[in-house]
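Here are the chains, one letter per residue:
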Amino acid sequence: MTSRPRQIGLVIGQLGFGGAEGQLTELALGLSAAEDRPTVYCLSPIVEPFGRRLKAGGITVRVIPRIGAFDLARAVRLAFAFRRDGIDAVQSYLIDSNPYALLAARLAGIHPFVAANRNAYVARDGVRAALDGIAFRRASAVVVNAIAVREFTARRFSVPLDRFRVIYNGVDLRRFRRAERSGSTLRIGTAGSLTSKKNPQMFVEVATALAQRFGHLECLHAGDGPLRTCLGSAVGEGARATVRFLGNVPEIGSFLQRLDVFLLTSDHEGCPNVLLEAMACGVPVVTTDAGGAAEIVRDGLTGHVVPRRAAGEMVDRASELLQDSHLREQMGRAARADVEERFPIERMITETREVLRAVALERR
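A brief report on the enclosed structure follows. (Residues numbered from 1 in each chain as written. Predicted model: local features only at pLDDT ≥ 70, side-chain atom pairs only at ≥ 80, totals over all residues. Heavy atoms only, no water.)

**Notes on helix α13 (residues 325–342)**
Next up, step 1: Between its first and last C-alpha, α13 extends 26 Å over 18 residues, near the 26 Å set by a 1.5 Å rise per residue.
Next up, step 2: Among all positions in α13, only Arg328, Met331, Gly332, Ala335, Arg336, Asp338 and Val339 are buried. On an axial view of α13, the arc spanned by its buried residues comes to 165°, and they lie on one face. Of the exposed residues in α13, the ones pointing more than 90 degrees away from its buried face are His326 and Glu341.
Next up, step 3: Those residues of α13 hidden inside the fold are in contact with β8 (186–191), β11 (261–264), α10 (273–280), α11 (293–296), β13 (303–306) and α12 (311–322). (Helix = DSSP H or I, 4+ residues; strand = E, 2+ residues; numbered from the N terminus. Expected span 1.5 Å × (residues − 1). Buried < 20%, exposed > 50% of the residue type's maximum accessible area, 1.4 Å probe, protein only. Arc of directions from axis to C-beta. Contact = heavy atoms within 4.5 Å.)

Below, the structure is given as structure tokens:
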């Protein structure tokens, strides 16, 4: 084996809309540009929208679908794919793919294996938690995207702290830029799946309260999920015309550039991509302290951090921003500068390459 892995297998459950899927795409394209040869292994037939971008960048995407609820034979099929592609090192990208990727790597005779967790909360029964713990402890390294995720994973799955590498998510600053906003209409918004961990009910509550305080206010939600139907009926009568659910938005940067304030109401997070993207667009943010959000936002400088489920406090912080254009501008510029310094996509790619090289050298 060379001093760093040339053929890298990146394993993920699906390539639909999602922050982890976007980060894997950026990583694969960045590794390829740095003369590594990544191959993406998707454990479901859901390969869009990111599969299209990967293929356009010359990255091979292989689909290894499951047959049943927990399909161990899928690990065998994945191992055959690793052997056929000459993979030198394997990196799993989400906790659900860790056990499959570890077993497949071992069956294929590949020992440099990097596991991952990207959320500070996951619900697990006894058997699945045991499998997750085995994958973490047998991994050459465990990549997490926030200190909060490291602390949760170490505690929940009994993983030694020295096994972890904290690599924050990154933003492609060429794709997410500041844009001048004009007009009398103020806009707040959020983006994320309509699932319970994102607590979209709190967004509706906060948006409804803000719509009652401010005239000419639009409240926009980008993203889809199982809660969409019930949330539509939860919007108060007085705000029904101002709170709009847009579904999945193909170009999230254009959506974020339209906003005056971005809200994140999640109960559970890792390193929220959309926070970084909003900040890169020069939009001041108000977020709950879920997961690594409080590690991203400098409270009072690049945005505001409130406790989870503290809807009233989020309304107050957002109101301060909506009624003060100078404060919005100042905080938005600070947010953009902070992302440029701390969270460029190039840093995420470089740090991940260093981990892959280190585990390969340790194996040698």
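**Thoughts on the pairing of strand β10 (residues 243–247)**
When a strand is regular, its side chains alternate between the sheet's two faces.
Next up, step 1: With burial as the criterion, only one face of β10 is covered, namely that bearing Val243, Phe245 and Gly247; the residues Arg244 and Leu246 on the opposite face remain uncovered.
Next up, step 2: Alignment of strand β9 (residues 217–222) against β10, held across four bridges, turns out to be parallel. Note on β10: the bridge partner recorded for Leu220 is Arg244. (Pairing = 2+ DSSP bridges.)

**Quick word on a nonpolar patch on the surface**
Next up, step 1: Together, Leu72, Val76, Phe80, Leu103 and Leu107 give the surface a local cluster of nonpolar side chains, amounting to about 460 Å² of exposed area.
Next up, step 2: Looking at the nonpolar patch, the elements with two or more residues in it are α3 (72–85) and α4 (98–107).
Next up, step 3: Take Leu103: it is sitting in helix α4.
Next up, step 4: Its relative accessible area of 34% is what places Leu103 among the partly exposed residues. (Patch = residues over 30% accessible without salt bridge, like charges linked within 9 Å, V, L, I, M, F, W, Y side chains within 5 Å. Areas by Shrake-Rupley, 256 points an atom, 1.4 Å probe, with all protein chains shown as cover. Salt bridge = Lys/Arg side-chain N within 4 Å of Asp/Glu carboxyl O.)

**Focus on the pattern of salt bridges**
Opposite charge on two side chains permits pairing when their charged atoms draw close.
Next up, step 1: Inspection of every chain in the model, using the stated rule, returns 23 salt bridges.
Next up, step 2: For Arg308, the salt bridge goes to Asp289, with nearest N and O atoms at 3.3 Å. Placement of the pair is Arg308 in the loop between β13 and α12 and Asp289 in the loop between β12 (285–288) and α11, with a sequence separation of 19 residues.
Next up, step 3: With a relative accessible area of 43%, Arg308 lands in the partly exposed category.

**Here's the deal with the packing of α4 against helix α5 (residues 126–138)**
Next up, step 1: Axis separation between α4 and α5 bottoms out at 9 Å; the angle between their running directions is 50°. The angle between α4 and α5 falls in the class oblique. Here the hand of the crossing between α4 and α5 comes out left-handed. For the pair formed by α4 and α5, the contact residues are Asn98, Pro99, Leu102 and Arg106 on the first element and Arg128, Leu131, Asp132, Ile134, Ala135, Phe136 and Arg138 on the second. (Axes fitted to C-alpha atoms, helices over the stretch in contact; angles between N-to-C directions. Parallel < 35°, antiparallel > 145°, perpendicular 65-115°, else oblique. Left-handed = near helix turned anticlockwise from the far one by under 90°.)

**Describing the packing of aromatic side chains**
Next up, step 1: For the structure on display, the rule yields five aromatic pairs.
Next up, step 2: With a centroid separation of 6.5 Å and 45° between ring planes, the pair formed by Tyr121 and Phe152 is classed as tilted. Within this pair, whereas Tyr121 is found in the loop between β5 (113–117) and α5, its partner Phe152 is found in helix α6 (residues 147–157), the two being separated by 31 residues in sequence.
Next up, step 3: For Tyr121, a relative accessible area of 41% gives the class partly exposed.
Next up, step 4: Ring geometry for Phe136 versus Phe157: centroids 5.2 Å apart, planes at 55°, classification tilted. Taken together, the residues Phe136 in helix α5 and Phe157 in helix α6 connect sequence positions 21 residues apart. Here the two residues Phe136 and Phe157 agree in accessibility, since each one is buried. (Phe/Tyr/Trp six-rings, centres within 6.5 Å; stacked < 30°, edge-to-face > 60°.)

**Some thoughts on the sheet that holds strand β6 (residues 141–144)**
Backbone hydrogen bonds hold the strands of a sheet together, and the pairing may be parallel or antiparallel.
Next up, step 1: Pairing in this open sheet of seven strands is parallel, and the strands run β3-β2-β1-β4-β5-β6-β7 from one edge to the other. Since the sheet does not close on itself, it has two edges, and those belong to β3 (60–63) and β7 (164–166), each with one partner. For this sheet, the mean angle separating the axes of adjacent strands, direction not counted, is 25°.
Next up, step 2: Taken together, the four bridges between β5 and β6 define a ladder with parallel strand orientation. Considered in β6, the bridge of Val114 is made with Ala141.
Next up, step 3: Strands β1 (7–12), β2 (37–42) and β4 (89–92) of the sheet are contacted by helix α1 (residues 19–33), whose axis makes an angle of about 170° with β1.
Next up, step 4: Running at roughly 175° to β5, α4 makes contact with β1, β4 and β5 of the sheet.

**So, the environment of Ile8**
Next up, step 1: For Ile8, the position within the fold is in strand β1.
Next up, step 2: Residue class for Ile8 comes out buried when judged on its relative accessible area of 1%.
Next up, step 3: Taking C-alpha positions, Ile8 is 8.6 Å from Leu356, a pair spaced 348 residues apart along the chain.
Next up, step 4: With residues up to four places along the chain from it excluded, the contact list for Ile8 reads Leu31, Asp36, Arg37, Pro38, Thr39, Ile87, Ala89 and Leu356.

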